[in-house]
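Structural description and commentary
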Amino acid sequence: MSMASPSDPDKVRQDIQHTRAELGETVAALAAKTDVKTRLGGKATSAAGGLRQRLTTASQSARTSATQMFRTASQKASQRATAAKQKTRQAMTTARGSASAGTETTGKTESTEVASARAMTAKVGTAIGAKPVPILAAAGAAAALTIVAYRRRRTR
């Protein structure tokens, strides 16, 4: 603000206009400082932008981590499946070998058991032929006991 001489009215008008403009700017600056709602809105917009940026970064980081974990899990599962297949093949080979050996052994055992049973049958047949009375008496006693037990159960 310059001090104009009272004799020049144009200069005084210019000074007044200039002073009014400066005063208007000052009032606008003070009004902006006292407008809490607008200032908080600006801060909220700024904070929301920062939060969006952090969320985007965290989301990308989570996607990267998930992808890496999925790849690692897939690789481990594949390795374990391969190992399980190998163990299964080994077990199947062992089982086939045991089965063929068992078949051979079973055939020998069956023929031995059959021969043994035939021999026992022959011995029993010879014993019955030699002494039929005691064996027939024992068979009759067994039949009589069975009939008595059956009748007792029916009467109860």
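Residues numbered from 1 in each chain as written. Predicted model: local features only at pLDDT ≥ 70, side-chain atom pairs only at ≥ 80, totals over all residues. Heavy atoms only, no water.

Along its length, the protein carries three helices and zero strands. Ordered by position from the N terminus, the helices and strands of the protein form the series α-α-α. Within the span of the protein, comprising 156 residues, buried residues form 1% of the whole. Just so you have it, the protein exposes about 13,900 Å², and 61% of that area is on carbon and sulfur atoms. (Helix = DSSP H or I, 4+ residues; strand = E, 2+ residues; numbered from the N terminus. Buried < 20%, exposed > 50% of the residue type's maximum accessible area, 1.4 Å probe, protein only. Areas by Shrake-Rupley, 256 points an atom, 1.4 Å probe, with all protein chains shown as cover.)

Before going further, it helps to spend a moment on the pattern of salt bridges. Inspection of the entire model under this criterion finds one salt bridge. Asp10 serves as the salt-bridge partner of Arg13, at 3.5 Å between the closest nitrogen and oxygen. In this pair, Arg13 and Asp10 both sit in helix α1 (residues 9-34), three residues apart, roughly one turn of the helix. Arg13 sits in the exposed class, given a relative accessible area of 55%. (Salt bridge = Lys/Arg side-chain N within 4 Å of Asp/Glu carboxyl O.)

Before going further, it helps to spend a moment on the confidence of the model for the protein. When the pLDDT values of the protein are averaged, the result is 80; 85% of them are 70 or greater. Mean pLDDT across the elements of the protein bottoms out in helix α2 (residues 36-130) (79) and peaks in α1 (89). (pLDDT = per-residue confidence, 0-100.)

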